[in-house]
Amino acid sequence: MNIEKAVLSVITINKEKISGGAPIFICKTKEEMDNVAANLEAILDGISHALSDELYIIVKH
Amino acid sequence: MNEYTYPILFGVVVGTIARLMMLRTDYRQYPTYLHGKVIHLALGFIAAGLGSVAVPAIMEKEFTAVTFLTIAASQFREVRNMERNTLAELDSFELVPRGNGYIEGIAIAFEGRNYLVIFTSLVASLCYLAWNIWIAILATIGCYLLIRKFMSGSTMKDLVDIDFKQPHFDGAGLYVDNIYIMNIGLPDRQKEILKYGMGFILTPKNFNVRSTIANLGQRQAILHDVSVSMGVFRDSGTPALVPLIKRDLDDGRIGVLILPQDKDIEKAKRVIGSVPVLENAIRMPSESKANKKKGAN
């Protein structure tokens, strides 16, 4: 399956900012969030973009 | 053996040599050694044969023989398709792809060069038959010089000024000078890009150049050539580490972000400067009638 230009997942430490849609990963600390994002980036073959300090998205380009 | 044997032989030989002259395997490594070259030499030989028999055919009043040339034309168009397909197929395996613009440029060059071979053989055999071998040799040298001129198009350094600028981050945004390149979220990736990345600003020398360097095919060609010559810090599955070029909408400058393994600024400038300008990226807005009229008023 080939997905282009799609938000593959959302990683956050602030639960209130997100809802629905892509798979969501809620982390406790910034370090954990960086770690999860780095792993997901490699697994999903996408790029982690930071929308704010509390919210990353993985996007396939 | 008849009176046409030597002129045809001469035409075929100089035509094939012409193809050999135009067939250089350089840093692009295309065509590949030996096998790739054999294909093009064989086609060059056929082209030379077609070119050199055209004149004797006309002299024998076999005018229909000239229609052979149309078969040649469709044959070489086929060559262009073949080149395009092969390169497009291989492109998906490149870490930094050539891009369709570059591929089309290479394919056009291969077709065009076969016509130059036909032209050389035709002129050579015509001169041999009309005058003698010495005139034919002179005409051949003239053709070779013409070919050399046709072969060498302009390069990026004729169009733009190249300046080094260290890439930097503003929050998660990656910038080269003031040109926004992309958003990189992970701090580790940011560190890698700051460590390995090099930024260059290409400033167009005139208005025509702006649209040429804005062409996506031309930009991809720059990235591909730099990655070939300087190495690239990237692997499959690391899409964040991708060399990119973005454009400043205000003044048409482009910001180049590369991730070379060899961090030599002067060398990178030379490599960017010698990237060929793709024929299909060239635009000449200043040549348009609307623009000229404005200039006259």
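These numbers come from a predicted model, not from an experiment.

Enquirer: Honestly, the overall build of chain A in this entry has me stumped. Any pointers?
Expert: Scanning chain A from N- to C-terminus turns up 1 helix and 4 strands. Counting helices and strands in the order they occur from the N terminus, chain A gives β-β-α-β-β. Taken against the 2.2 N^0.38 rule, which gives 10 Å for 61 residues, the C-alpha radius of gyration of chain A at 11 Å falls within 12% of a compact globule. By its C-alpha atoms, chain A is 30 × 20 × 15 Å across when sized along the principal axes. Taken over 61 residues, chain A has a buried fraction of 41%. Counted over contacts in chain A with a minimum sequence separation of 6, partners at least 24 positions apart contribute 36%. Of the accessible surface of chain A, which amounts to about 3,700 Å², a share of 54% is contributed by carbon and sulfur atoms. Counting 6 positive and 9 negative side-chain charges, chain A places the centres of these two groups 4 Å from one another.

Enquirer: It is not clear to me how unusual backbone geometry should be interpreted in this structure. Could you clarify?
Expert: Excluding glycine, a negative phi dihedral is what most residues carry, and trans is how most peptide bonds are arranged. One non-glycine residue with positive phi stands out, namely K61(B), at about 60 degrees. Relative to the helices and strands, K61(B) is located in the loop between α2 (35-59) and α3 (68-91).

Enquirer: Please explain the sheet that holds strand β2 (residues 168-170) of chain B as it appears in this structure.
Expert: In any sheet, the strands associate via hydrogen bonds between backbone groups, in a parallel or an antiparallel arrangement. Residue and element names in this part refer to chain B. Strand order in the open sheet formed by 3 strands is β2-β3-β4, with antiparallel pairing between adjacent strands. Here the strands that pair on one side only, and so sit at the sheet edges, are β2 and β4 (179-183). Strand-to-strand twist in this sheet, taken as the mean axis angle between neighbours without regard to direction, amounts to 40 degrees. Looking at chain direction, strand β3 (residues 173-176) and β4 are connected through 4 bridges and run antiparallel. Bridging across to β4, Y175 finds its partner in Y180.

Enquirer: Explanation requested: the sheet that holds strand β4 (residues 55-60) of chain A in the structure shown.
Expert: Residue and element names in this part refer to chain A. Spatially, 4 strands are ordered β2-β1-β4-β3 in an open sheet, and the strand pairing comes out mixed. The two strands at the open ends of the sheet, each matched to only one other strand, are β2 (24-26) and β3 (47-52). Averaged over all pairs of adjacent strands, the angle between strand axes in this sheet comes to 25 degrees, irrespective of strand direction. With 3 bridges joining them, strand β1 (residues 6-12) and β2 adopt parallel strand pairing. Paired with V10 across the bridge in β2 is I24. Helix-sheet contacts for helix α1 (residues 30-44) involve β1, β2, β3 and β4, and the interaxial angle to β4 is about 5 degrees.

Criteria and cut-off values
- Residues numbered from 1 in each chain as written.
- Chains lettered and ligands numbered in written order.
- Predicted model: local features only at pLDDT ≥ 70, side-chain atom pairs only at ≥ 80, totals over all residues.
- Heavy atoms only, no water.
- Helix = DSSP H or I, 4+ residues; strand = E, 2+ residues; numbered from the N terminus.
- Rg over C-alpha atoms; globule rule 2.2 N^0.38 Å.
- Buried < 20%, exposed > 50% of the residue type's maximum accessible area, 1.4 Å probe, protein only.
- Contact = heavy atoms within 4.5 Å.
- Areas by Shrake-Rupley, 256 points an atom, 1.4 Å probe, with all protein chains shown as cover.
- Lys, Arg positive; Asp, Glu negative; His and termini not counted.
- Charge placed at Lys NZ, Arg CZ, Asp CG, Glu CD.
- Pairing = 2+ DSSP bridges.
- Axes fitted to C-alpha atoms, helices over the stretch in contact; angles between N-to-C directions.

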